[in-house]
Amino acid sequence: MNIQQNISLKKYNTFGIDVNAERFISISSVYELQELLKQEKDLFLLSGGSNMLLTKDIKNLVVHLNIKGISIDREHDNSVHLTVNAGENWHDFVLWAIEQGYGGIENLSLIPGNVGTCPIQNIGAYGVEVKDTITKVEAIEIATNKLVSFSNEECSFGYRNSIFKNDAKGKYIITSVCFELSKHNHNLNTSYGAIEKELTDQNITNPTIKDVSNAVIAIRQSKLPDPKEIGNSGSFFKNPVISIELFNELKSKYPTIPSYPVSDSEIKVPAGWLIEQSGFKGKRFGDYGVHEKQALVLVNYGDASGEEIFKLAQKIQQTIKENFKIDLEIEVNVIA
Ligand code: EPU
């Protein structure tokens, strides 16, 4: 086993935070992972590093999950079942699927991160969540070192949520994810306003999965910073779900507040709007700040520390509470 000493994690997290790993190992097979678990169980798992904010050096053994490979398990007339290993880059997998003519994940184009972490937060964008295509999640149970699997139902998926953020947190290492994608008659989801507009602008009336993917890529590139250029972790907060009573109170004060219905008693409001109204959009403090085009995204312009960004996040939470009586929940995994 090739354990390296004192490795900077800057290039392993999309926020680009420079913390030190005392010990670091890259794992490329389930076998290697099981061998490692025989020796050591107190691990710090690192996949695409796209949904974490590191605020301190890591003392545990850092395990970079780099298990690659895609296999076709079976095909039906209209769908295909795939197993994708955890270390595959998410966007590369989306592009590969589109090239094969497989539909269902085109709206999730350009989301940073790896396949193995997509179920944890149930990645979602432009009207689609990954839970709609996942059939099974395979993982190693750390305590027993056995390979186990979770059906879609057992994953208890919700908005940016799953069992892996709750009861199963810290107990499993996801090694692969199984998907069912469509081969024909794709169920295209173009109802999201920005996608419709992008397709109309390009005079596309009968879009293919590739057209939808291209539209999503164009929208994301126009609004969201590319982590290769400006460090970030996508949406830093979840969109809060509030009571209808509170929403009506806010609506009378701020008539333009956007909203999405959730149930008879609850409504979701965009955190980006709340943060923008509170004056944080585009604010820069030294090497960190709030993105100028999307207030939900906190950014590292170079050498910011995780602590600085975390303090800014706490200040935003406090201000939103004072201004709107809403508790903003952090979506990114803060390692404090
Ligand atoms: N808005 C503002 N100011 C801002 C940003 C947004 O007023 O700075 C308003 C917009 O005008 C719009 C509403 O908020 O009325 C929603 O904005 P947008 O369509 O950009 O989506 P979002 O709710 O801010 C969510 C996801 C994104 C996903 C987009 C598109 C969450 C936490 N975020 O953002 O996901 O790409 O919808 O589906 O649900 C991510 O999770 O990392 C992520 C980028």
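Residues numbered from 1 in each chain as written. Predicted model: local features only at pLDDT ≥ 70, side-chain atom pairs only at ≥ 80, totals over all residues. Heavy atoms only, no water.

S.K.: Break down the overall build of the chain for me, with residues and values.
M.R.: When helices and strands are tallied, the chain shows seven helices and 20 strands. The principal-axis extents of the C-alpha atoms in the chain amount to approximately 60 × 50 × 35 Å. Counting only residues that meet the buried cut, the chain has 47% of its 336 residues in that class. Taken as a whole, the chain presents about 16,100 Å² of accessible surface, with 45% of it coming from carbon and sulfur. (Helix = DSSP H or I, 4+ residues; strand = E, 2+ residues; numbered from the N terminus. Buried < 20%, exposed > 50% of the residue type's maximum accessible area, 1.4 Å probe, protein only. Areas by Shrake-Rupley, 256 points an atom, 1.4 Å probe, with all protein chains shown as cover.)

S.K.: Before we move on, could you go through the site of the ligand and cite the residues and values that matter?
M.R.: The environment of the ligand is formed by 22 residues, the closest being Tyr126, Tyr159, Tyr192, Ser235 and Glu276. At 3.2 Å, a side-chain N or O of Lys223 approaches an oxygen atom of the ligand. Between the ligand and Lys281, the relevant distance is 3.1 Å, taken from an oxygen atom to a side-chain nitrogen or oxygen of the residue. Protein burial of the ligand: of its 820 Å² of free accessible surface, 82% is covered by the chains. Of all elements in the fold, only β8 (124-125), α4 (209-223), β13 (231-235) and α6 (271-277) reach the threshold of two or more residues within the shell around the ligand. At three residues, α6 tops the list of elements feeding residues into the shell around the ligand. Residue-level mapping places the shell around the ligand at the junction of two domains, with at least three residues from each of domain 2 (70-200) and domain 3 (231-335). (Near = heavy atom within 4 Å. Polar contact = N/O pair within 3.5 Å; in protein donor to acceptor, adjacent residues only side chain to side chain. Domains from an automatic or database assignment.)

S.K.: How would you summarise the pairing of strand β7 (residues 79-85) if you had to cite specific residues and measurements?
M.R.: Across a regular strand the side chains alternate sides, sitting on one face of the sheet and then on the other. Of all seven residues making up β7, six are buried, and the element is well covered by its neighbours. For strand β6 (residues 70-75) and β7, the ladder comprises five bridges, and the chain directions are antiparallel. For Ile72, the partnering residue across the bridge sits in β7 and is Leu82. Hairpin connection of β6 to β7: three residues between the antiparallel strands. Here β7 runs beside strand β12 (residues 172-182); their pairing, made up of seven bridges, is antiparallel. Paired with Val80 across the strands is Leu181, a residue of β12. (Pairing = 2+ DSSP bridges.)

S.K.: I'd love a proper account of the UniProt feature "active site" (unreviewed entry) in the chain, names of residues and values included.
M.R.: The feature "active site" (unreviewed entry), as given by UniProt, occupies Arg160, Ser235 and Glu331 in the numbering adopted here. Over a stretch of 172 residues, the named residues converge on one spot in the fold, their C-alpha atoms separated by at most 10.7 Å. The subset of the named residues that lines the second largest pocket consists of Glu331. Here Arg160 is to be found in the loop between β11 (146-151) and β12. Among residues more than four places away in sequence, those in contact with Arg160 are Gln121, Asn122, Ile123, Gly124, Glu129, Lys165, Lys238 and Glu331. A polar atom in the side chain of Arg160 sits 3.0 Å from the backbone oxygen of Gly124. Apart from residues no more than four positions distant in its own chain, Ser235 is found in contact with Leu296, Val297, Glu331 and Val332. (UniProt positions renumbered as here; feature names shortened; annotations may be inferred. 1 Å grid on protein atoms, 1.4 Å probe; cavity = no way out; pocket = protein on both sides within 12 Å on 5 of 7 lines; lining within 4 Å. Contact = heavy atoms within 4.5 Å.)

S.K.: Account for the pattern of salt bridges, naming residues and giving values.
M.R.: Two side chains bearing opposite charge may form a pair once their charged atoms approach each other closely. A full pass over the atoms with the stated rule returns 15 salt bridges. Linking Asp303 and Lys10 is a salt bridge whose minimum nitrogen-to-oxygen distance equals 3.6 Å. Of the two residues, Asp303 is situated in the loop between β19 (297-300) and α7 (306-324) and Lys10 in the loop between β1 (4-8) and β2 (20-27); the sequence distance between them amounts to 293 residues. Judged by relative accessible area, which is 64%, Asp303 ranks as exposed. On the basis of relative accessible area, Lys10 is assigned to the partly exposed category, the value being 30%. For Lys183, the salt bridge is made with Glu75, and the minimal N-O distance between the two is 2.7 Å. (Salt bridge = Lys/Arg side-chain N within 4 Å of Asp/Glu carboxyl O.)

S.K.: Could you give an account of the layout of surface pockets, with specific residues and numbers?
M.R.: Vacant regions in the atomic arrangement are exposed by a probe of water-molecule size rolled over the atoms. For the second largest pocket, the calculated volume is near 1,000 Å³. Lining the second largest pocket are 42 residues, with Leu45, Ile120, Phe164, Lys169 and Asn333 positioned closest to its centre. Among the elements of the structure, β3 (43-46), β12 and β20 (333-335) are those that each provide at least two residues to the lining of the second largest pocket. Looking at the lining of the second largest pocket residue by residue, the classes come out as 23 nonpolar, 13 polar and six charged. (Points joined across faces, edges and corners; volume = space filled by probe spheres on them. Nonpolar A, V, L, I, M, F, W, Y, C, P; charged D, E, K, R; others polar.)

S.K.: Got a sec to walk through the UniProt feature "domain: FAD-binding PCMH-type" (unreviewed entry) in the chain? Specific residues and values, please.
M.R.: Cross-referencing UniProt, the feature "domain: FAD-binding PCMH-type" (unreviewed entry) maps to residues 17-184 in the present numbering. Helix makes up 12% of residues 17-184 and strand 39%. Its end C-alpha atoms lie 43 Å apart.

S.K.: A description of the domain arrangement of the chain should follow, citing residues and the corresponding values.
M.R.: Domain assignment breaks the chain into domain 1 (4-65), domain 2 (70-200) and domain 3 (231-335). Distance from the C-alpha centre of domain 1 to the C-alpha centre of domain 3: 29 Å. Contact with domain 1, which involves 14 residues of that partner, is made by 20 residues of domain 3. Here domain 1 and domain 3 share an interface that buries about 1,300 Å² over both sides, 54% of which is from carbon and sulfur atoms. Among the residues of domain 1 in contact with domain 3, Phe15, Asn51 and Leu53 are the three that bury the most area, contributing 50% of the side total. Inspection of the region where domain 1 meets domain 3 yields one salt bridge. Linking domain 1 to domain 3 there are nine residue pairs in polar contact (both at pLDDT 80 or more). By residue number, the principal contributor to the side of domain 1 that touches domain 3 is strand β4 (residues 52-54), which donates three residues. (Buried area = accessible area lost by both parts, 1.4 Å probe.)

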